[in-house]
Every structure is written in C-alpha cells, then in structure tokens.
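# Observations on the model geometry
Here is how the chains run, residue by residue.
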Amino acid sequence: MAGAGRLEDDALAALYRTHAAPLVRMLWLFLGDRAWAEDVAQEAFVRMHMSWRKIADPDRAGGYLRVTALNLARTQLRRLEVSRRHAETPLNDHASAEDTAIERADDARVRAALLQLPERQRACLVLQFFADLSYDDIAATMGISVNSVKTHLQRGRESLRELIGRDDNA
Amino acid sequence: MRDAELHDVFERLADRVDPSPALLDDIRVAVGRAERGRRIRVAAVIVGLLVLMTAAVLVLAYVRSNTSTPDAVRRPNGTIVHIWTSSISNRTTEGTTP
C-alpha cells in the first residue's frame, strides 16, 4: 500500500509509471543528458522511498519528486560548473550526435540555447514551458520568491531569444 | 519566438525522451541498498546505546560497591556529621544534618 508507513514495491511501480517519464524529460531539458537525467531521477525516487513516512500520500509524490530532482540536478550542475572552472573543459556539451540528428533545426537551436543559460533561468523556463507550473508553484519548487521567478523568466526568455537570433544570423 | 512556440518546442523536445526500460529495476536495487544502509545505521545506534548504558551501569555499580556507608559523627556542638569515604580515591565527603 502507498499509505502511511512503508512504500511497497507495487506502489513504487505505480508511482514510477505515473511520474518517471515527465521527471526524466524535465531533467533532460534541464541537464541536457539522458543518462544524467535518469541518474538524478533514480536518486529522487530513492529519496522519496526513504521519506515516505513523511510524504504518505501518492498525490504529493509528484511534487516531492519534482522538487527533490530539481534540487539534486541544480546541486550537481553547480558542482560541475566549479570543477569545469578548474579543469577548463566545456560544460553542456552533453547533446549526443544521435540526439541532435533527429531534432528539427529550430528545436536543436532552442535546446542548445537553453543549455547555455544560467541554471536558475533554465530551471524557471523548463518549469514554466515544460511542466506548465504557475509562478507560485515555480517559486515553491525552487525555494525562491515569486518576484525572483518573474525576473529569472524574463531574463531567461530574453537570453534565449537573443541566443537563438544569434544562431540565425550566424 | 513567442511563448506558445517555446512551449511547443519544449514539449516536442521532451517527447523524444523516454526513461530506459531498466530504470525501474535500477531504482529497486538502489532502494534496497538504501534500506539496508538505514537498517545497519539503526542497528549501530542501538548497539552503541546498549554499550553506553551497560558501561554506565557497570561504573555506577563499581562506585557504589566501593563507597562506604556514611559514618555519623556527633560534633561537640551537637551537630551530626555524616562522612562518606570512597575506597577508590580515599576522599571523604562530609554532610551535615541539623
């Protein structure tokens, strides 16, 4: 049962069927790498399982998974940025040739531009345009104020359009 | 690019990605490992507490068995003084009763 107490295997499988695909997709948009997105999604599911006594409600599982996964992804991204600064290797070079080969040109440009944005702007854009969250929900998911969300979204949109336009002119 | 177009592009991009079929099994394995880790941590805490409590009981028993019962001494002014002598440290502790 997925009630109070332990999360049994069939309940975990049911939650997986409902939430795994949107979670991996959101993480893939944010991180730009499928394997990385799956690793983070897996860790989020494990944390949900270990915290099930506190959650205890399948309706809250989606929100918990989204917040946990996004926080994990942002932490890992920040660590990677720090190590990249030391190693001076390019970040966001995740898009595989297989991935980009079957993308439409417009989509590929948007994806490439998205991965160049600062992580907060990127997270806000993914939560708004992919997860369809309201400003309030984005603020709650990211643990920031609604005004900050609006600012990040505004700057993110401008940067995204600028980057896509630059690609068009190149 | 308008917001509606951005929305469509994000959806189109994400729709191409599906979790690998092995992900659920990987999650089950990771959950099992995390559960075992939690059980080991809980057992370690319980064993630690038991060791601490046993040690505390043994120390108390030792101290009690090596502490004399107080000697009551009546002072010339009439007050009664209880004197405890520890056979461990040979220190005496005085307590006065009115």
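Above this text is the structure in question.
Criteria and cut-off values
- Residues numbered from 1 in each chain as written.
- Chains lettered and ligands numbered in written order.
- Predicted model: local features only at pLDDT ≥ 70, side-chain atom pairs only at ≥ 80, totals over all residues.
- Helix = DSSP H or I, 4+ residues; strand = E, 2+ residues; numbered from the N terminus.
- Rg over C-alpha atoms; globule rule 2.2 N^0.38 Å.
- Buried ≥ 20, exposed ≤ 12 C-beta atoms within 10 Å, placed from the backbone.
- Contact = placed C-beta atoms within 7 Å.
- Axes fitted to C-alpha atoms, helices over the stretch in contact; angles between N-to-C directions.
- Left-handed = near helix turned anticlockwise from the far one by under 90°.
- Nonpolar A, V, L, I, M, F, W, Y, C, P; charged D, E, K, R; others polar.
- Core = buried A, V, L, I, M, F, W, Y, C linked by C-beta atoms within 7 Å.

Now for the overall build of chain B. Looking only at helices and strands, chain B has two helices and three strands in total. The globule rule puts the C-alpha radius of gyration for 98 residues at 13 Å, and the 35 Å found for chain B is more than 25% above it. Its C-alpha atoms give chain B principal-axis dimensions of roughly 105 × 35 × 20 Å. Counting across all 98 residues of chain B, residues that qualify as buried make up 8%. Looking at chain B alone, contacts between residues at least 24 apart form 0% of all its contacts between residues at least 6 apart.

Let us now look at the packing of helix α1 (residues 9-31) of chain A against helix α7 (residues 119-129) of chain A. All names here are of chain A. Packing of α1 against α7 leaves a shortest axis separation of 9 Å and a crossing angle of 145°. Crossing geometry of α1 relative to α7 is assigned as right-handed. Of α7, the residues touching α1 (which contributes M26, L29 and F30) are R122, A123 and V126. Partitioned by chemical class, the residues of the contact of α1 with α7 number five nonpolar, no polar and one charged.

Attention shifts here to the nonpolar core. Nonpolar side chains in soluble globular proteins tend to be buried together. Residue and element names in this part refer to chain A. One finds L23, L27, L29, A41, A69 and V126 to be the most contacted residues of the largest nonpolar core, which totals 51 residues. Among the elements that line this core, the one with the most residues is α1, at 11 residues. Every residue in contact with A69, bar those within four places of it in the chain, is listed here: L23, L27, V40, A41 and A44.

This part covers the interface of chain B and chain A. Across the boundary between the two partners, chain B contributes 21 residues, which contact 23 residues of chain A. If you list the elements that add at least two residues to the side of chain B that touches chain A, you get α1 (3-15) and α2 (23-65) of chain B. For the side of chain B that touches chain A, the class distribution of residues is 14 nonpolar, two polar and five charged.

By themselves, these observations are geometric and do not establish any function.
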